[in-house]
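Commentary on secondary and tertiary structure
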Amino acid sequence: MSALPQTPAIPSGLPAPAPSRILVVDDQPLNIHAMHRVFRNEHEICMATSGPQALEFCRATPPDLILMDVLMPGMNGLEVCRALKDDPATEHIPVIFVTGLSTQDEENRCWEVGCVDFITKPVNITTMRNRVRAHLLLKQQSDLLRQTAWLDGLTGLANRRQFDERLEKEWLRCQRAGCAMSLLVIDIDHFKRYNDRYGHLAGDDTLRRVAEAVRGAARRPGDLPVRLGGEEFVLMLPEIEREGARVVAERLEADIRALQIAHADGEGGVVTVSVGYATGHPSREDQARAESLVGRADVALYAAKTAGRARALA
Ligand code: GH3
Ligand code: MG
Ligand code: MG
Ligand code: MG
């Protein structure tokens, strides 16, 4: 494969995908460089020479497509693909196996772990370029669909539908991993009065600014900021214990107060939020359901409201 010539093999007249980021995973740097030569004029090519390195890269900065070798020392391509499909942050990245394996059994194992395509070595460059193009176009279309269905139109945060789906998945993932999971529920204080005094358009603007603060509080790749509806937000924090949740909740409440958005009928003359937070341990039998975590965060939010608003409580 290292001797791949560089040929512009895409038939003209076909739709071209927008420039994309392709991750090439192979234990042989020569193979990676060959791929780089084929695609470098159209796409950004990133590289990983081991499974763990690929997983780390994908969780931090998900690429649009992965071209992956199967046989690698340590963690092989099948295991990497399975781990990617198991993680909500990476499950939508299409994986194409590029492999010297050729028996039907071996090919079936690749499909079983969730790849979108399978290319055998020695690689036919025309075939590979066309398949990569087709899968990048598909990825762009499915991203667009997911965006429309899963994002809140006003703020661009995840919507309730995405939250419900992610919550179930992350809960199960934390259950298997034996780790904790925390949830913040954030509600703007006296927002009805804000709309009454400043108007609905100013209200929308404030919702967007609060949303940006919630987005800014999501600092790790697995964190999910959500607009649940109305003036209510959620921040989902997988793998975060109670103390970590307290720090994030208190900082977020202070950050929003520090925006100093004037609110003559609010606490202290500015827009504030109340935050309820809760931590669950999905692997404990008495905490088997994700909804119980949402319920506890809601109860904490109610307590913050009745204690005088503009605060974070567990
Ligand atoms: P509390 O401090 O107890 O939370 O009081 P509140 O007034 O914030 O709560 P309430 O639930 O009574 O009112 C929420 C208000 O949020 C009502 C509605 O006018 C406003 N709201 C909900 N969705 C939107 C929206 O998309 N845009 C705007 N501008 N306002 C919204
Ligand atoms: Mg190999
Ligand atoms: Mg509310
Ligand atoms: Mg409110």
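Residues numbered from 1 in each chain as written. Chains lettered and ligands numbered in written order. Predicted model: local features only at pLDDT ≥ 70, side-chain atom pairs only at ≥ 80, totals over all residues. Heavy atoms only, no water.

Details of the coordination of the magnesium ion (ligand 2)
The magnesium ion (ligand 2) binds to the protein through Asp27 (OD), Asp69 (OD) and Leu71 (O), with metal-donor distances spanning 2.0 to 2.2 Å. Mapped onto the sequence, the donors of the magnesium ion (ligand 2) take the spacing D-x41-D-x1-L. Accessibility expressed as a relative area gives 5% for Asp69, which makes it buried. (Donors = N, O, S within 2.8 Å, 3.2 Å for Na, K, Ca; no water. Buried < 20%, exposed > 50% of the residue type's maximum accessible area, 1.4 Å probe, protein only.)

Some points on the site of ligand 1
Neighbouring ligand 1 are 16 residues; His190, Phe191, Asp204, Lys305 and Arg309 lie closest to it. One nitrogen or oxygen atom from the side chain of Asp204 is found 2.7 Å from a nitrogen atom belonging to ligand 1. Arg227 places a polar side-chain atom, nitrogen or oxygen, 2.9 Å from an oxygen atom of ligand 1. A total of 650 Å² of accessible area belongs to ligand 1 in isolation, and the protein chains cover 67% of it. Of all the secondary-structure elements, those providing two or more residues to the shell around ligand 1 are strand E6 (181–188), helix H7 (191–198) and helix H8 (200–217). (Near = heavy atom within 4 Å. Polar contact = N/O pair within 3.5 Å; in protein donor to acceptor, adjacent residues only side chain to side chain. Areas by Shrake-Rupley, 256 points an atom, 1.4 Å probe, with all protein chains shown as cover. Helix = DSSP H or I, 4+ residues; strand = E, 2+ residues; numbered from the N terminus.)

Some points on the packing of helix H6 (residues 160–177) against helix H10 (residues 290–306)
Put simply, H6 and H10 touch, their axes get as near as 9 Å, and they point 115° apart. In this structure, H6 contributes Phe163, Leu167, Glu168 and Trp171 to the contact, and H10 contributes Ala290, Glu291, Leu293 and Val294. (Axes fitted to C-alpha atoms, helices over the stretch in contact; angles between N-to-C directions. Contact = heavy atoms within 4.5 Å.)

A short note on the pattern of salt bridges
Evaluation of the coordinates by the stated rule reveals 26 salt bridges. Between Lys169 and Glu91 there is a salt bridge whose closest N-O contact spans 2.9 Å. Here Lys169, found in helix H6, pairs with Glu91, found in the loop between helix H3 (77–85) and strand E4 (95–99); they are 78 residues apart in sequence, far enough to count as distant. Residue classification places Lys169 among the partly exposed positions, given a relative accessible area of 30%. By relative accessible area, which is 18% here, Glu91 ends up buried. As a salt-bridge pair, Lys169 and Glu165 come within 3.2 Å of each other at their nearest N and O atoms. Of the two residues, Lys169 and Glu165 both sit in helix H6, four residues apart, roughly one turn of that helix. Residue classification places Glu165 among the partly exposed residues on the basis of a relative accessible area of 32%. One salt-bridge network, held together by shared partners, links Asp64, Lys139, Asp143 and Arg146. (Salt bridge = Lys/Arg side-chain N within 4 Å of Asp/Glu carboxyl O.)

Notes on the coordination of the magnesium ion (ligand 4)
Donor atoms from the polypeptide that bind the magnesium ion (ligand 4) are Asp187 (OD), Ile188 (O) and Glu231 (OE), placed at 1.9 to 2.2 Å. Summarised as a motif, the one-chain spacing of the donors to the magnesium ion (ligand 4) is D-I-x42-E. A separation of 3.6 Å is found between the magnesium ion (ligand 4) and the magnesium ion (ligand 3), which are bridged by Asp187. Residue Asp187 is found in strand E6, and its partner Glu231 is found in the loop between strand E7 (224–229) and strand E8 (232–238); the two are separated by 44 residues along the sequence. Relative accessible area serves as the criterion here: at 8%, Asp187 is assigned to the buried category.

Structural notes on the sheet that holds E6
Read across the open sheet, the five strands follow the order E7-E8-E6-E9-E10; overall the sheet is mixed. Either end of the sheet is taken by a strand with one partner, and the two such strands are E7 and strand E10 (312–313). (Pairing = 2+ DSSP bridges.)

Description of the nonpolar core
If you look at the biggest cluster of nonpolar residues, it comprises 28 residues, and the most contacted ones within it are Leu184, Ile186, Ile188, Phe233, Leu235 and Leu252. Elements that contribute at least two residues to this core include exactly E6, H7, H8, E8, helix H9 (242–258) and strand E9 (273–280). Looking at which element gives the most residues to this core, the answer is H8, with six residues. When sequence neighbours within four positions are dropped, the list of residues in contact with Leu252 reads Leu184, Ile186, Ala213, Val214 and Ala217. Listed in part, the 22 residues of the second largest apolar core include Cys46, Ala48, Val70 and Val113. (Core = buried A, V, L, I, M, F, W, Y, C linked by side-chain atoms within 4.5 Å.)

Structural notes on H6
End to end, H6 covers 25 Å across 18 residues, agreeing with the expected 26 Å (1.5 Å per residue, within 8%). Buried residues of H6: Gln162, Phe163, Arg166, Leu167, Glu170, Trp171, Arg173 and Cys174, and no others. For H6, the buried positions fall inside an angular range of 170° around the axis, keeping them on one side. Of the exposed residues in H6, the ones pointing more than 90 degrees away from its buried face are Arg161 and Arg176. For H6, the capping residue at the N-terminal end is Asn159, with a side-chain oxygen 3.2 Å from the backbone nitrogen of Arg161. (Expected span 1.5 Å × (residues − 1). Arc of directions from axis to C-beta.)

Notes on the side chain of Arg166
Tracing the sequence through the fold places Arg166 in helix H6. Taking the relative accessible area as the measure of exposure, Arg166 reaches 11% and is therefore buried. Non-local contacts of Arg166, meaning those with residues more than four positions away in its chain, are made with Pro88, Gly222, Leu224 and Met236.

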